[in-house]
Amino acid sequence: MFPTLQNLPLYNDPHHHHRPGARQPFVSIAEDEMKDPLLCRAPIASLDCMEEFQGCGGDHVSTRSDSQALVSRQSSFASSLKYKPLGKSGLRVSQLGLGTWVTFSPQVSEDTAEEIISVAYEAGINLFDLSEAYSGGRAEIQLGNILKKKNWRRTSYHVITKVYWNSKGDERGLSRKHIIESVKMSLERLQLDYVDVIIIHRADDMCPMEEVVRAASHCIEQGWCMYWGTSRWSAVEIMEAWTNCRQFNCITPIVEQSEYHLFCRGKTELYLPEMYNKIGVGTMAWSPLAIGLISSKMDEGMPVFTRQSFKGYTWLKDKAGTEEGRKQQTRLRELAQLSERLGCTLTQLSVAWSMKNDNLHCVLIGAATVDQLLENINSLQVVPKLKPEHMSELERILDNKPVRPPMISTLAQR
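All figures in this text were calculated on a predicted structure; none of them were measured in a lab. (Residues numbered from 1 in each chain as written. Predicted model: local features only at pLDDT ≥ 70, side-chain atom pairs only at ≥ 80, totals over all residues. Heavy atoms only, no water.)

K.L.:
It is not clear to me how the nonpolar core should be interpreted in this structure. Could you clarify?
P.N.:
Most often, soluble globular proteins have nonpolar side chains that are buried together. Grouped together as the largest cluster of nonpolar side chains are 94 residues, with contacts concentrated most on Leu96, Leu143, Val159, Trp228, Trp233, Leu335 and Leu373. At 7 residues, the largest contribution of residues to this core is made by helix α7 (residues 209–221). Once residues lying within four places of it in the same chain are set aside, the contact partners of Val159 are Phe128, Leu130, Leu143, Leu147, Arg154, Leu190, Leu192, Val195, Asp196 and Val197. Grouped together as the second largest cluster of nonpolar side chains are 12 residues, Leu86, Ile160, Val197 and Leu364 included. (Core = buried A, V, L, I, M, F, W, Y, C linked by side-chain atoms within 4.5 Å. Buried < 20%, exposed > 50% of the residue type's maximum accessible area, 1.4 Å probe, protein only. Helix = DSSP H or I, 4+ residues; strand = E, 2+ residues; numbered from the N terminus. Contact = heavy atoms within 4.5 Å.)

K.L.:
How should I be thinking about the packing of helix α5 (residues 138–150) against helix α6 (residues 176–190) in this particular structure?
P.N.:
When two helices pack together, their arrangement is given by the angle between the helix axes and the distance between those axes. Packing of α5 against α6 leaves a shortest axis separation of 7 Å and a crossing angle of 45°. With respect to α6, the axis of α5 lies oblique. On α6, the residues that touch Glu140, Ile141, Leu143 and Gly144 of α5 are Ser186, Arg189 and Leu190. (Axes fitted to C-alpha atoms, helices over the stretch in contact; angles between N-to-C directions. Parallel < 35°, antiparallel > 145°, perpendicular 65-115°, else oblique.)

K.L.:
Sorry, what's going on with the sheet that holds strand β6 (residues 195–201) here?
P.N.:
What links the strands of a sheet is backbone hydrogen bonding, and the strands pair in either a parallel or an antiparallel sense. Pairing is parallel in the closed barrel, where 8 strands are placed in the order β3-β4-β5-β6-β7-β8-β9-β12. Strand-to-strand twist across the sheet, computed as the mean angle between neighbouring axes with direction ignored, equals 30°. Bridge analysis of strand β3 (residues 96–99) against strand β12 (residues 362–365) gives 3 bridges, and the strand direction is parallel. Along β12, the bridge assignment pairs Leu96 with Val363. Sheet strands touched by α6: β4 (127–131), β5 (158–163) and β6. Its angle to β5, the strand with the most contacts, is close to 140°. (Pairing = 2+ DSSP bridges.)

K.L.:
How should I be thinking about the pairing of β3 in this particular structure?
P.N.:
A regular strand places its side chains on the two faces of the sheet in alternate fashion. A two-sided burial pattern is seen for β3, the buried positions comprising Leu96 and Leu98 on one face and Gly97 and Gly99 on the other. Here β3 pairs with β4 via 2 bridges, running parallel. Looking at the pairing, Gly99 lines up with Asp129 of β4. Considered for its hand, the β-α-β crossover made up of β3, helix α4 (residues 110–122) and β4 is right-handed. (Right-handed = clockwise from strand over helix to strand, strands pointing away.)

K.L.:
Explain the pairing of strand β9 (residues 282–286) here, please?
P.N.:
Within β9, 4 of the 5 residues are buried, leaving the element largely enclosed by the surrounding structure. The pairing of strand β8 (residues 255–259) with β9 spans 5 bridges and is classified as parallel. Note that in β9 the partner of Gln257 across the bridge is Met284.

K.L.:
Just checking my understanding: could you explain the state of the cysteines for this structure?
P.N.:
Two cysteines, two sulfur atoms, one covalent bond between them: this is a disulfide. Evaluation of the coordinates by the stated rule reveals 0 disulfides. Cysteine Cys245 is unpaired, with the sulfur of Cys250 as its nearest cysteine sulfur at 5.5 Å. According to the relative accessible area criterion, Cys245 is buried, its value standing at 1%. (Disulfide = S-S within 2.5 Å.)

K.L.:
Can you help me understand the environment of Leu147 in this one?
P.N.:
By secondary structure assignment, the location of Leu147 is in helix α5. Relative accessible area serves as the criterion here: at 5%, Leu147 is assigned to the buried category. Beyond its immediate chain neighbours, meaning those up to four positions away, Leu147 contacts Trp152, Tyr157, Val159 and Leu192.

K.L.:
Please clarify how unusual backbone geometry should be interpreted in this entry.
P.N.:
Only a minority of non-glycine residues have a phi that is not negative, and only a minority of peptide bonds are not trans. Notably, Arg232 is not glycine yet its phi reads approximately 65°, a positive angle. When you line up the elements, Arg232 lands in the loop between β7 (225–231) and α8 (235–247). The phi torsion at Ser287 lies on the positive side, around 60°, for a residue other than glycine. Positionally, Ser287 belongs in the loop between β9 and β10 (298–299).

K.L.:
Honestly, the packing of aromatic side chains in this entry has me stumped. Any pointers?
P.N.:
The description of an aromatic ring pair rests on the distance of the ring centres and on the angle between the ring planes. Summed over the entire model, instances satisfying the criterion amount to 2 aromatic pairs. Ring geometry for Tyr121 against Trp152: centres 3.8 Å apart, planes inclined by 5°, an arrangement best described as stacked. Of this pair, Tyr121 sits in helix α4 while Trp152 sits in the loop between α5 and β5; the two residues are 31 residues apart in sequence, bridging distant segments of the chain. Plain terms: the ring middles of Tyr260 and Trp353 are 5.1 Å apart, the flat faces sit at 20° to each other, and that makes the pair stacked. Of this pair, Tyr260 sits in the loop between β8 and α9 (266–270) while Trp353 sits in helix α13 (residues 346–355), placing them 93 residues apart in sequence. For Trp353, a relative accessible area of 4% gives the class buried. Positioned above the aromatic ring of Tyr276 is the side chain of Lys88, whose terminal nitrogen or guanidinium carbon lies 5.0 Å from the ring centre. Positioned over the ring face of Tyr194 is Arg154, at 4.2 Å from the centre of the ring. (Phe/Tyr/Trp six-rings, centres within 6.5 Å; stacked < 30°, edge-to-face > 60°. Lys NZ or Arg CZ within 6 Å of the ring centre and 35° of its normal.)

In structure tokens form, the structure reads like this:
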């Protein structure tokens, strides 16, 4: 026999919370609402409410005392870290995630990389982002070895890996064959039963969108991953993928990884919030430091390219002699002066500025040393310092606020 409404405990029952195992009340239900059975459904937590939860429910238990001591001695950022649902899914991620492109590069030793991963985890970061192409697959192998050694609970961290950029050019692309084989090889290198999210790393003009979404959905149905998303896709491509998913009854993407920093704003600020509101695709920002262009190390007002020895970074130095480069250096000098007034570094100001965007669900930071990691995470302390007047000054310095192009009527063109 089903219980009647009269037999169910009311949320506003003053004795309800004293019973063992009873939940604390979230809302109160009025007497007239109890008379209507349509209004007697369980309350649904809003996304705004979920963002206020702190911590990961006790998942992050320290397994390394020296890392914990390092974090507690140099910073108090763990208490400031928040967790948000990724898009409109139920996967809660830390507002800062660790991108491992630099961490697992050949210039960083395995011991240093392990320490960076450990300190990030102890600080509350629960998301590690990598790709099948990072260091030719060695990044996945290293992270897999670290996770196996640490033996952290699988529920306490999320692993994201990308598909497309295979080390061999003839094996690149988004065919069903390549997607499935790439995911299976990533699992083997990571020594995991599943990854939390696979990211389709750029769209493939040579492959039908139906094939891509069916392959991604198949990987989820097989239990190799829990969700899928995109990276470097346009809003039109994301919408096409979502439409195909609905048409062929496939699982829809939950996130787009987009470049977002002080000098790259248009797509993330204009179009991705619309994708979230319409189809539930969240936004994960990468490169908040413009791949090293925004550096805390300044030499006579000029940024020092500390990563120029890394393969693929030399093009940054070449921009310094152009007119665009000189304008950017002027902006960097003014930004450095503002960060000095705020009592933070230019790096921290850049990361904090990214986190001020409420439409972002996660910002990916990178680090080649533990000190760089701690500097980036300490940006959490700068976020509340950015008052409206500081944001206005930032807009004045940057002078690059994106604006939608005006609508052009086809009738007017005639």
